[in-house]
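Chains, contacts and geometry: an overview
One-letter residues, chain by chain:
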Protein chains: 2
Amino acid sequence: MVMEKQQGQIDFTAEEQALKEKFLNLKKASGSHSPSIFTFKQKLPELDINVDACFLSNPYATDLFLKYFTEEIISTGKIRELLEFYPSQNQVIAEILADFLKVDASQIFIGNGAIEIIQAVIHNFVENKILINIPTFSSYYEFVKPGIEVVYNNLKKANEYRLNVDDYVKVCEANKPDTIVLINPNNPDGGYIEHDAMHSLLEKLSWVKTIILDESFIHFAYENDKFDQINSADWVSKFPNLVIIKSMSKDFGIAGIRAGYAVMAKSRIDLMLQNGFLWNSNGLSEYFFRLYTREDFANDYDKVRVRYIKETIDFIEKLKEIPGIKVYPGKANFVMIELLVPGLTSFDFVTALLVKHGIYVRTCNDKIGLEGEFIRMASRTAEENDFMVKSMKELLSDF
Amino acid sequence: MVMEKQQGQIDFTAEEQALKEKFLNLKKASGSHSPSIFTFKQKLPELDINVDACFLSNPYATDLFLKYFTEEIISTGKIRELLEFYPSQNQVIAEILADFLKVDASQIFIGNGAIEIIQAVIHNFVENKILINIPTFSSYYEFVKPGIEVVYNNLKKANEYRLNVDDYVKVCEANKPDTIVLINPNNPDGGYIEHDAMHSLLEKLSWVKTIILDESFIHFAYENDKFDQINSADWVSKFPNLVIIKSMSKDFGIAGIRAGYAVMAKSRIDLMLQNGFLWNSNGLSEYFFRLYTREDFANDYDKVRVRYIKETIDFIEKLKEIPGIKVYPGKANFVMIELLVPGLTSFDFVTALLVKHGIYVRTCNDKIGLEGEFIRMASRTAEENDFMVKSMKELLSDF
């Protein structure tokens with residue numbers, strides 16, 4: 001008996017269907033996050049991943065870091081001391097960053113990845129009520145302790161999930177949260193609020209006790225044709241309610257090292273260091289932080305940052321030409337894409353990319369606040385981007 | 001005018017005196033812990049450290065780890081993915097350890113070093129009153145949140161700071177703490193409670209809500225002439241009040257990687273993972289944990305563990321022959337030493353070892369609960385140990 005194919009249905013072979021089931025289980029076990037590439041290797045060794053576009057990083061920055069790391073640490077044998085000895089304490093590493101960020105060391109907190117800082121900030125500073133825009137990075141609400149009220153501000157699909165600053169101020173005033181979260185550019189849609197607009201938003205929200213501003217993707221945003229880096233760190237001196245969180249995993253392509261920092265009022269940092277966070281860096285992250293502030297590396301890094309932004313813009317333009325999808329506007333190193341083919345689900349599409357093309361992108365079907373079938377796709381190397389565009393076209397040509 | 005030398009006073013040249021001042025400032029800035037070797041390099045570049053015996057690790061295990069790491073990660077180019085991609089989540093790594101430790105994965109919590117687990121356990125499980133034996137590792141009381149009562153049980157100098165199990169049960173019963181801390185072997189003195197004695201102590205203390213048993217130095221303890229490894233992990237199934245914490249930094253000589261784990265009841269782990277600790281491992285620690293459970297590595301490791309224990313025993317015997325000091329009994333990879341020369345301070349002695357011989361050992365003058373002038377000294381390679389014995393003799397021969 002020949003089954004009639006339903007609208008939007010993707011054909012999977014028996015083998016692909018088996019992989020799909022396993023992938024579904026892996027995804028479930030990872031909660032609202034995605035299984036890592038190592039988890040895939042352990043649990044789904046039969047799967048070949050060619051492009052990891054679930055992970056949001058600049059591969060050219062990884063190349064650059066590896067070049068320095070190989071020359072200075074591997075070839076010299078210094079790797080031994082990085083592995084063997086205790087890294088420096090939090091405030092010693094903060095001192096290394098201080099001049100570079102143009103803020104006082106006492107205003108810098110070093111984290112084992114931004115995720116540790118998100119956890120610490122949510123646990124230490126949220127008092128009774130936190131306002132979170134959705135869609136968002138789920139840890140912001142998942143890390144909230146029991147007994148605290150979470151108010152969701154659902155960004156409007158009609159406005160392409162962009163934050164309207166004036167509306168937002170009204171939502172804050174109506175709900176009176178003690179803590180609010182702003183991710184700029186936002187994850188998963190990449191929506192970006194310009195530097196000046198963010199500054200005036202902060203001025204209007206000076207009555208909020210804690211404003212968490214997550215700038216983990218800020219190195220990919222741009223406001224002029226030179227793609228100059230945007231730096232908000234010195235705002236913390238003006239806004240004592242501001243906590244800026246910065247992951248290094250995305251812009252520097254080093255998620256495996258776990259490096260992040262935050263800038264905030266000294267009193268907040270003192271509170272956290274008073275009973276914890278002693279040796280939360282590791283030998284590699286300490287090396288990275290020292291490198292990050294060096295002029296030679298900083299100059300090299302800026303070149304690969306700009307190259308990657310330009311290629312990302314090209315990638316997004318090519319994606320926009322593919323029929324059957326809508327590419328949402330943003331200024332991050334990824335795009336949120338809505339699947340417009342009736343009946344085609346995000347999970348099926350992501351699975352097909354994975355098992356048929358070895359491309360790993362993120363389904364957004366676990367993201368609260370999205371209406372429709374969405375995926376999130378990172379920009380990778382120009383070559384990988386072209387492969388992704390081609391594969392997407394191929395998959396969608398069936399409909 | 002010739003100044004008369006005071007009893008116990010060490011002669012420092014002007015240059016050495018300047019280094020001493022700087023060292024004192026570094027030490028003060030590190031609180032109750034010691035500045036790292038990287039901090040030394042940054043702040044005191046004029047100082048040459050030949051032997052770091054402040055840091056408590058098996059250097060042969062570092063060699064072994066480096067051998068595997070070089071062959072499998074550096075030479076193959078796999079280092080790139082370890083640096084680039086997100087590590088697996090906590091429970092995925094716990095699964096890797098489960099069979100090896102013979103406990104269920106749901107009872108294993110992975111930490112960014114044991115220190116992160118100490119922080120998490122102290123913050124999550126201590127309710128009102130914690131009983132801590134002193135001298136101890138200071139984080140156990142420093143990480144206690146405001147409002148919680150800390151009761152110190154001062155181990156007796158007359159008993160060489162050894163824990164008397166019967167006395168301890170009485171102290172617990174008299175104070176009724178909800179949480180107690182046992183470090184076995186203890187830091188800084190190395191005092192060891194045998195496996196069976198610990199088991200019966202746990203049986204007597206089943207009414208205590210949380211018993212933290214820190215076994216970070218357990219790989220250096222021995223109870224028979226084959227130096228068999230002691231494993232208590234399966235006790236957590238029998239004692240739901242037990243939380244076993246295990247650093248990997250000491251026995252495997254990899255403090256820079258930040259790897260530790262804890263074994264405890266599933267309900268406790270669920271509580272912690274519910275709102276945090278998502279990606280607290282890094283690429284290197286994930287590799288290490290996978291390696292740790294492999295038979296080939298485990299066999300090689302056990303050889304260097306036994307070699308190191310034997311050399312440590314030799315080192316301690318040689319130290320015991322040096323006049324002017326008392327070596328305290330213990331079964332760790334370090335010894336606590338009391339300086340018996342009248343007027344000779346621990347800080348002066350440690351500084352002299354550092355600036356005159358390049359040997360970095362730990363002054364215990366910031367340890368609460370010790371009566372007298374104490375230092376803590378790690379065992380290193382046989383060659384380094386001999387150099388330390390020779391240098392100690394030389395310094396003490398002046399008195």
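The model shown is predicted, which means the values in this text are computed figures rather than measured ones.

1. Quick word on the overall build of chain A
Summing up its helical and strand segments, chain A has 15 helices and 13 strands in all. Since a compact globule built from 399 residues should have a radius of gyration of about 21 Å, the 22 Å found for chain A is in line with a globular shape. Its C-alpha atoms give chain A principal-axis dimensions of about 70 × 60 × 45 Å. Burial statistics for chain A: of 399 residues in total, 50% are counted as buried. The long-range share in chain A, meaning contacts at least 24 apart out of those at least 6 apart in sequence, stands at 72%.

2. As for the interface of chain A and chain B
Contact residues are listed per partner, giving 49 residues for chain A and 49 residues for chain B. Listing elements by their share of the side of chain A that touches chain B, those giving two or more residues are α2 (37-43), α3 (59-74), α4 (79-84), α6 (114-125), α7 (139-142) and α12 (283-292) of chain A. Taken together, the residues of the side of chain A that touches chain B sort by class into 21 nonpolar, 19 polar and 9 charged.

3. Notes on the environment of B:S391
All names here are of chain B. One can find S391 in helix α15 (residues 382-396). When the 18 C-beta atoms within 10 Å are taken as the criterion, S391 is described as partly exposed. As a C-alpha pair, S391 and K356 span 35 residues in sequence and 9.0 Å in three-dimensional space. Dropping the residues within four chain positions of it, S391 is found in contact with L353, H357 and I359.

4. Some words on the sheet that holds strand β6 (residues 210-214) of chain A
Residues and elements named next belong to chain A. Strands sit in the order β2-β8-β7-β6-β5-β3-β4 across an open sheet of 7 strands; the sheet is mixed. Single-partner strands in this sheet number two, and they are β2 (108-111) and β4 (149-154). For this sheet the average axis-to-axis angle between neighbouring strands, irrespective of direction, equals 20°. In this structure, strand β3 (residues 129-134) lies alongside strand β5 (residues 179-183), joined through 3 bridges in parallel fashion. The residue of β5 that forms the bridge with I132 is V181.

5. Quick notes on the sheet that holds strand β9 (residues 325-327) of chain B
Residue and element names in this part refer to chain B. Strand order in the open sheet made by the 4 strands is β9-β10-β13-β12, with antiparallel pairing throughout. Edge positions in the sheet fall to β9 and β12 (362-363), since each of these pairs with one other strand and no more. Looking at chain direction, β12 and strand β13 (residues 374-378) are connected through 2 bridges and run antiparallel. Across the sheet, T363 pairs through a bridge with I375, a residue of β13. Each of β10 (334-339), β12 and β13 is contacted by helix α14 (residues 346-357), which is oriented at about 35° to β13, the strand it contacts most.

6. Topic: the relation of the copies chain A and chain B
Least-squares fitting of chain A to chain B yields an RMSD of 0.0 Å, with the superposition described by an axial translation of 0.0 Å and a rotation of 180°. One copy is carried onto the other by what is essentially a two-fold rotation axis. Comparing contact sets, 100% of the residues at the interface of chain A also lie at the interface in chain B, consistent with an isologous, same-surface contact.

7. Let's talk about the packing of helix α5 (residues 90-101) of chain A against α12(A)
All names here are of chain A. It is the contact of α5 with α12, at a shortest axis distance of 9 Å, that shows an interaxial angle of 20°. With respect to α12, the element α5 is oriented roughly parallel. Crossing of α5 against α12: the hand is left-handed. Along its contact with α5, which presents I93, I96 and L97, the element α12 presents E286, F289 and R290. Looking at the contact of α5 with α12 residue by residue, the class counts come to 4 nonpolar, no polar and 2 charged.

8. Observations concerning unusual backbone geometry
Outside of glycine, negative phi angles account for most residues, and trans bonds account for most peptide bonds. The omega torsion of the bond from A:N184 to A:P185 falls at -5°, within 30 degrees of zero and hence cis. The topology assignment puts A:P185 in the loop between β5 and α9 (195-204). At the junction of A:N187 and A:P188, the peptide bond is cis and its omega measures out at 20° in the coordinates. With respect to the helices and strands, the residue A:P188 is situated in the loop between β5 and α9. The phi torsion at B:K102 lies on the positive side, around 60°, for a residue other than glycine. Inspection of the secondary structure puts B:K102 in the loop between α5 (90-101) and β2 (108-111).

9. Regarding the domain arrangement of chain A
All names here are of chain A. Split by domain assignment, chain A resolves into domain 1 (14-62 + 302-396) and domain 2 (87-293). Inter-centroid distance (C-alpha atoms) of domain 1 to domain 2 is 25 Å. Contacts between the two partners involve 28 residues from domain 1 and, on the opposite side, 29 residues from domain 2. Take the side of domain 1 that touches domain 2: its biggest share by element is 4 residues, from helix α13 (residues 295-320). Among the residues making up the side of domain 1 that touches domain 2, the classes are represented as 15 nonpolar, 8 polar and 5 charged.

10. Details of the packing of α13(A) against helix α15 (residues 382-396) of chain A
Residue and element names in this part refer to chain A. One way to put it is that α13 packs onto α15 with a least axis distance of 10 Å and a crossing angle of 10°. If you check the angle between α13 and α15, you find them roughly parallel. In contact with E311, F315, K318 and L319 of α13, α15 contributes A382, N385 and V389. The class makeup of the residues in the contact of α13 with α15 is 4 nonpolar, 1 polar and 2 charged.

11. Structural notes on helix α11 (residues 266-274) of chain A
Residues and elements named next belong to chain A. Looking only at α11, the buried set comprises R268, I269 and M272. Projected onto a plane normal to the axis of α11, the buried residues spread over an arc of 95° and lie on a single side. Turned more than 90 degrees away from the buried face of α11, the exposed residues are S267, D270 and Q274. If you follow the buried residues of α11, they end up packed against β2, α6 and β7 (242-247).

12. Things to note about α13(A)
Residues and elements named next belong to chain A. Helix length check: α13, at 26 residues, gives a terminal C-alpha distance of 38 Å against a target of 38 Å (1.5 Å per residue), a fit within 8%. Within α13 the residues assigned to the buried category are Y301, V304, R305, Y308, E311, T312, F315, I316 and L319. Those residues of α13 hidden inside the fold are in contact with α3, β9 (325-327), β10 (334-339) and α15.

13. Here's the deal with the environment of A:S106
All names here are of chain A. Relative to the helices and strands, S106 is located in the loop between α5 and β2. Linking S106 and E95, residues 11 residues apart in sequence, is a C-alpha distance of 8.0 Å. Excluding residues that lie within four positions of it along the chain, S106 makes contacts with K266 and I269.

14. Some details on the pairing of strand β7 (residues 242-247) of chain B
All names here are of chain B. Taken across its 6 residues, β7 has 6 buried, putting it largely inside the fold. Side-chain alternation along β7 places L242, I244 and K246 on one buried face and V243, I245 and S247 on a second face that is also buried. Strand direction decides the pairing type here: strand β6 (residues 210-214) and β7, joined by 4 bridges, are parallel. Note on β7: the bridge partner recorded for L213 is I244. Taken together, the 4 bridges between β7 and strand β8 (residues 260-263) define a ladder with antiparallel strand orientation. Among the inter-strand pairings, I244 is bridged to a residue of β8, identified as V263.

15. Observations concerning the pairing of β5(A)
Residues and elements named next belong to chain A. Of all 5 residues in β5, 5 are buried, a share of seventy percent or more. Summarising the sheet, β5 and β6 pair through 5 bridges and their orientation is parallel. When the sheet's bridge partners are listed, T179 is paired in β6 with T210. Assessed by its sense of winding, the connection that carries the chain from β5 through α9 to β6 is right-handed.

Quick notes on the rules
- Residues numbered from 1 in each chain as written.
- Chains lettered and ligands numbered in written order.
- Predicted model: local features only at pLDDT ≥ 70, side-chain atom pairs only at ≥ 80, totals over all residues.
- Helix = DSSP H or I, 4+ residues; strand = E, 2+ residues; numbered from the N terminus.
- Rg over C-alpha atoms; globule rule 2.2 N^0.38 Å.
- Buried ≥ 20, exposed ≤ 12 C-beta atoms within 10 Å, placed from the backbone.
- Contact = placed C-beta atoms within 7 Å.
- Nonpolar A, V, L, I, M, F, W, Y, C, P; charged D, E, K, R; others polar.
- Pairing = 2+ DSSP bridges.
- Axes fitted to C-alpha atoms, helices over the stretch in contact; angles between N-to-C directions.
- Least-squares fit on C-alpha atoms with pLDDT ≥ 70 in both.
- Parallel < 35°, antiparallel > 145°, perpendicular 65-115°, else oblique.
- Left-handed = near helix turned anticlockwise from the far one by under 90°.
- Domains from an automatic or database assignment.
- Arc of directions from axis to C-beta.
- Expected span 1.5 Å × (residues − 1).
- Right-handed = clockwise from strand over helix to strand, strands pointing away.

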